[in-house]
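Listed below, chain by chain, are the residues.
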Amino acid sequence: MAKILLLGSGELGKEFVIAAQRIGQTVIAVDSYEDAPAMQVAHDFEVINMLDGDALDKIVAKHNPDFIVPEIEAIRTERFYDYEKQGITVVPSAKAANFTMNRKAIRDLASKELGLKTAEYRYATTAEKLRKGVLEVGIPCVVKPLMSSSGKGQSTIKTEADIEKAWEYAVAGSRGDVVEVIVEAFVKFNSEITLLTVTQNNNRTLFCAPIGHRQERGDYQESWQPARISDKDLYEAQDMAEKVTEALGGAGLFGVEFFLADDGVYFSELSPRPHDTGMVTLAGTQNFNEFELHLRAILSLPIFEINLEKTGASAVILASENSANPTYSGIEKIAALPKTDFRIFGKPSSRPYRRMGVALTNNTLETPIEEVVENAIKAASLVTVN
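Bear in mind the structure is a predicted one, so any value in this text is a computation, not a measurement.

### Regarding the overall build of the protein
Okay, so step 1: Broken down by element type, the protein carries 11 helices and 20 strands.
Okay, so step 2: Its C-alpha atoms give the protein a radius of gyration of 20 Å, within 12% of the compact-globule value 21 Å for 386 residues.
Okay, so step 3: Expressed along its principal axes, the backbone C-alpha trace of the protein runs to roughly 55 × 50 × 45 Å.
Okay, so step 4: When the accessible surface of the protein is totalled, it reaches about 16,000 Å², and 48% of it is carbon and sulfur.

See below:
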C-alpha cells in the first residue's frame with residue numbers, strides 16, 4: 001500500500017483521506033495549524049509552514065512518501081522538482097503543481113503557449129501598475145492575487161476609485177510571499193462551469209458532467225451537476241481541458257473552470273486537485289466522487305468510465321461569528337429531509353462566512369436542476385454555526 005504526504009488538510013483533504021483510508025492507503029496530513037480537518041482522519045500529521053522549504057524538506061525526508069499530494073496553494077512548490085528526482089511522485093506532477101499554484105504561470109501557459117481563449121489580462125506588482133493595467137484592459141474588470149484560494153482577495157473594479165481598494169484587498173488576501181495580482185477584462189459570460197478532468201497514466205482522459213456554481217464574496221455558495229451547456233460548448237471546453245492538462249502532465253483530477261459566453265467558451269482557471277464546487281459529487285451524482293477519482297488516478301487504478309447517475313447540488317453552511325469552539329444547531333432538521341445529506345468539516349475555529357460544512361441534495365436525472373439547488377439552499381439554511 002502507498003504512503004501519501006498530503007500538503008494541506010482542509011475539507012477537501014479530509015474527503016481525500018477518507019477515500020484513501022477506504023482502500024488501505026497510509027496518509028500523513030500536513031498543515032500550518034493543528035487539528036485541521038484532514039488530520040482528524042489521517043494516520044499521522046505534521047504542523048509546519050509549507051512556505052519554509054527547509055521544513056518541507058525535513059518532513060519529506062522523515063516520512064519518505066510514495067506520493068506528495070498538494071491540497072493548497074501556499075507551498076514552496078519549486079522544491080517539488082527535487083522530490084521527483086528522488087523518485088517521489090508529485091501529484092499530478094511537479095510541473096502541474098508548480099504552474100497551477102500561481103495564476104501567472106497557468107494563465108500564460110493557457111493563453112500564450114496553448115492559444116486558449118481567455119479574458120484579456122495584465123499583471124501588477126504595485127498599485128500604480130494595477131492602475132495602468134486596469135486602464136489597458138478596461139473597466140469593469142476583475143482583480144485577483146496570483147496566489148490565493150476560495151476567492152480570497154478577489155474583487156471587481158467598477159470605477160477608477162475602486163483601484164486602490166482592490167489592490168489593498170488583493171494583497172491582504174494573497175497567500176504565500178508573492179505580492180502580485182492579475183487584472184482581467186470582464187467577460188460578459190452567461191454562466192460559469194467547472195469541468196472535472198481526470199488524467200490517467202495508462203488510460204484516456206475522462207470528464208465528469210459539467211458543474212455549475214454561484215459565487216458570492218469570491219467564494220462558491222452553491223454548485224450543481226449537471227450544468228446546462230450546449231454540446232458545442234461542452235466539446236470546446238473538453239478540448240481545452242485536455243490540452244492544458246496534457247501540457248501539465250501527470251495523473252490525477254483537475255478542476256478546470258470556464259466562462260460560457262455568447263461568443264463561446266473562455267478558459268478561466270485550473271486547480272490540480274479536487275475542486276470545492278466538486279463537493280456536489282458527494283451527493284451521489286456519479287459512480288465515483290471527485291476524491292475517489294483523484295485517488296484512483298494517482299494510484300494508476302484504471303477508471304473505465306464516469307457515469308452521471310443523479311442530479312445533485314451542494315450549498316455551503318457558513319459560520320456567522322468568530323468562535324474558538326464552534327457549535328452547530330439544526331442538524332436534526334437537515335437530517336430529517338428526504339434525498340438530503342450533509343458534511344460538517346470539523347474546523348476547530350470559525351469566523352464570519354467561513355465554510356464549515358455543506359448540505360447535499362440529489363434526485364433523478366429527470367428532475368429540474370433548479371429544484372435540486374433550491375432544496376440544497378433550504379437545507380443549508382437550517383443549520384446555524386455559532
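Next comes the rest of the description.
### A short note on the pattern of salt bridges
Okay, so step 1: Scanning the model with the defined rule gives 25 salt bridges in all.
Okay, so step 2: As a salt-bridge pair, Arg355 and Glu11 come within 3.0 Å of each other at their nearest N and O atoms. Taken together, the residues span a long stretch of sequence, with Arg355 in strand S19 (residues 355-363) and Glu11 in helix H1 (residues 11-22) at a distance of 344 residues.
Okay, so step 3: Given a relative accessible area of 7%, Arg355 falls into the buried group.
Okay, so step 4: A salt bridge links Arg131 to Glu160; the shortest N-O distance between them is 3.5 Å. With Arg131 in helix H6 (residues 127-137) and Glu160 in the loop between strand S8 (155-157) and helix H7 (163-173), this residue pair connects regions lying 29 residues apart in the sequence.
Okay, so step 5: A relative accessible area of 44% places Glu160 in the partly exposed class.
Okay, so step 6: If you follow the salt bridges from partner to partner, you end up with Glu11, Asp219, Asp276, Lys347 and Arg355 in one network.

### Remarks on the packing of H6 against H7
Okay, so step 1: One way to put it is that H6 packs onto H7 with a least axis distance of 9 Å and a crossing angle of 120°. In terms of their interaxial angle, H6 and H7 are classed as oblique. Remark: the crossing between H6 and H7 carries right-handed chirality. When H6 is examined against H7, the residues Ala127, Leu130, Arg131 and Val134 are found in contact with a partner set consisting of Ile163, Glu164 and Trp167.
Okay, so step 2: Of the residues belonging to the contact of H6 with H7, the class tally is five nonpolar, no polar and two charged.

### Focus on the side chain of Glu15
Okay, so step 1: Summarising the element assignment, Glu15 is placed in helix H1.
Okay, so step 2: Overall, Glu15 belongs to the buried group, its relative accessible area being 12%.
Okay, so step 3: Those residues in contact with Glu15, other than ones at most four positions away along the chain, are Leu282, Phe291 and Arg343.

### Let's talk about the pairing of strand S12 (residues 211-216)
Sheet faces and side chains relate simply in a regular strand, where the side chains alternate between the two faces.
Okay, so step 1: Of the pairings in the sheet, the one linking strand S10 (residues 189-199) to S12 comprises two bridges and is antiparallel in character. Along S12, the bridge assignment pairs Thr194 with Ile211.
Okay, so step 2: In terms of strand pairing, S12 meets strand S13 (residues 219-225) through five bridges, oriented antiparallel. Across the sheet, the residue bridging to His213 is Ser223, located in S13.
Okay, so step 3: Connecting S12 to the antiparallel partner S13 that follows it, the hairpin turn spans two residues, and Arg217 within it adopts a positive phi of roughly 55°.

### Topic: the UniProt feature "binding site: N(1)-(5-phospho-beta-D-ribosyl)glycinamide" (unreviewed entry) in the protein
Okay, so step 1: UniProt marks Glu11, Leu12, Glu71, Asp276, Lys347, Arg354 and Arg355 with the feature "binding site: N(1)-(5-phospho-beta-D-ribosyl)glycinamide" (unreviewed entry), using the numbering shown here.
Okay, so step 2: Judged by its relative accessible area of 7%, Glu11 falls in the buried class.
Okay, so step 3: If near-sequence neighbours (up to four positions away) are discounted, Glu11 is found in contact with Pro37, Glu71, Met279, Phe345, Lys347 and Arg355.
Okay, so step 4: Take Arg354: it is sitting in the loop between strand S18 (340-344) and S19.
Okay, so step 5: Judged by relative accessible area, Arg354 falls into the buried class, the value being 13%.
Okay, so step 6: The contacts of Arg354, once residues within four sequence positions are left out, are Tyr33, Ile317, Leu318, Ala319, Lys347 and Ser349.
Okay, so step 7: A polar atom in the side chain of Arg354 sits 2.7 Å from the backbone oxygen of Ser349.

### Observations concerning the sheet that holds strand S9 (residues 181-185)
Sheets are built from strands paired through backbone hydrogen bonds, the pairs being either parallel or antiparallel.
Okay, so step 1: One open sheet accounts for four strands, arranged S6-S9-S7-S8; its pairing is antiparallel. Of all the strands in the sheet, the pair left with one neighbour each is strand S6 (121-124) and S8. Across this sheet, the average inter-strand angle for adjacent strands is 25°, counted without regard to direction.
Okay, so step 2: Bridge count for S6 against S9 is four bridges, and the pairing is antiparallel. In the strand pairing of S9, Arg122 is matched with Val183.
Okay, so step 3: Across the sheet, helix H5 (residues 103-113) touches S6, strand S7 (141-145) and S9, and the angle it forms with S6 is around 155°.
Okay, so step 4: Against the sheet, H6 touches S6, S7, S8 and S9, its axis set at about 15° to S9.

### Observations concerning the nonpolar core
Okay, so step 1: In terms of nonpolar packing, the biggest core is built from 37 residues, with Ile106, Val244, Leu248, Val256, Phe258, Phe267 and Leu270 touching the most fellow members.
Okay, so step 2: A per-element tally of this core places helix H11 (residues 369-381) first, with six residues.

### Observations regarding the packing of aromatic side chains
Okay, so step 1: Under the criterion given, the structure shown has five aromatic pairs.
Okay, so step 2: Relative to Phe189, the ring of Phe186 lies with its centre 6.3 Å away and its plane at 40°, an arrangement referred to as tilted.
Okay, so step 3: Between Phe258 and Phe267 the ring centres are 6.2 Å apart and the planes differ by 80°, which places this aromatic pair in the edge-to-face class. By the burial criterion, Phe258 is buried, and Phe267 matches it.

The rules behind these values
The written sequence of each chain sets the order in which its residues are numbered from 1. Side-chain atom pairs in this predicted model are given and counted only at pLDDT of 80 or more, local residue features only at pLDDT of at least 70, and totals for whole chains, interfaces and linings cover all residues. Hydrogens and waters are ignored; side-chain quantities use all the structure's heavy atoms. Here a strand is any run of E in DSSP of at least two residues, a helix any run of H or I of at least four, and the numbering for each starts at the N terminus. Using C-alpha atoms as the atom set, the radius of gyration is obtained and then compared with a globule rule of 2.2 Å times the number of residues to the power 0.38. Each accessible area value is a Shrake-Rupley result obtained with a 1.4 Å probe; residue values ignore everything except the protein chains displayed when judging cover. Salt bridge, as used here: a side-chain nitrogen of Lys or Arg that lies within 4 Å of a carboxyl oxygen of Asp or Glu. With a 1.4 Å probe rolled over the protein chains alone, any residue whose accessible area is under 20% of its type maximum counts as buried; one over 50% counts as exposed, and the rest are partly exposed. Throughout, an axis means a line fitted to C-alpha atoms (over the contacting stretch in the case of helices), and angles, computed between N-to-C directions, take values from 0 to 180 degrees. Throughout, the term roughly parallel applies to angles under 35 degrees, roughly antiparallel to angles over 145, roughly perpendicular to angles from 65 to 115, and oblique to all others. Here a crossing is called left-handed whenever its near helix is offset anticlockwise from the far helix by less than a right angle, and right-handed whenever the offset is clockwise. The contact criterion used throughout is that any non-hydrogen atoms of two residues lie within 4.5 Å. Gly falls in the polar group here, along with every residue not listed as nonpolar (Ala, Val, Leu, Ile, Met, Phe, Trp, Tyr, Cys, Pro) or charged (Asp, Glu, Lys, Arg). Strands were regarded as paired on the criterion that DSSP finds at least two bridges between them. UniProt positions are given in the numbering used here, feature names are shortened, and annotations may be inferred rather than shown by experiment. Whenever two N or O atoms come within 3.5 Å, that pair is a polar contact, provided that in protein one can donate a hydrogen and the other can accept it, and provided that, for residues adjacent in sequence, both atoms are side-chain atoms. Here the nonpolar core consists of buried residues drawn from Ala, Val, Leu, Ile, Met, Phe, Trp, Tyr and Cys, with membership extended through side-chain atoms lying within 4.5 Å. Put simply, two rings from Phe, Tyr or Trp (the six-membered ring, in Trp's case) pair if the centres are within 6.5 Å, and we call them stacked under 30 degrees between planes, edge-to-face over 60, tilted for the rest.

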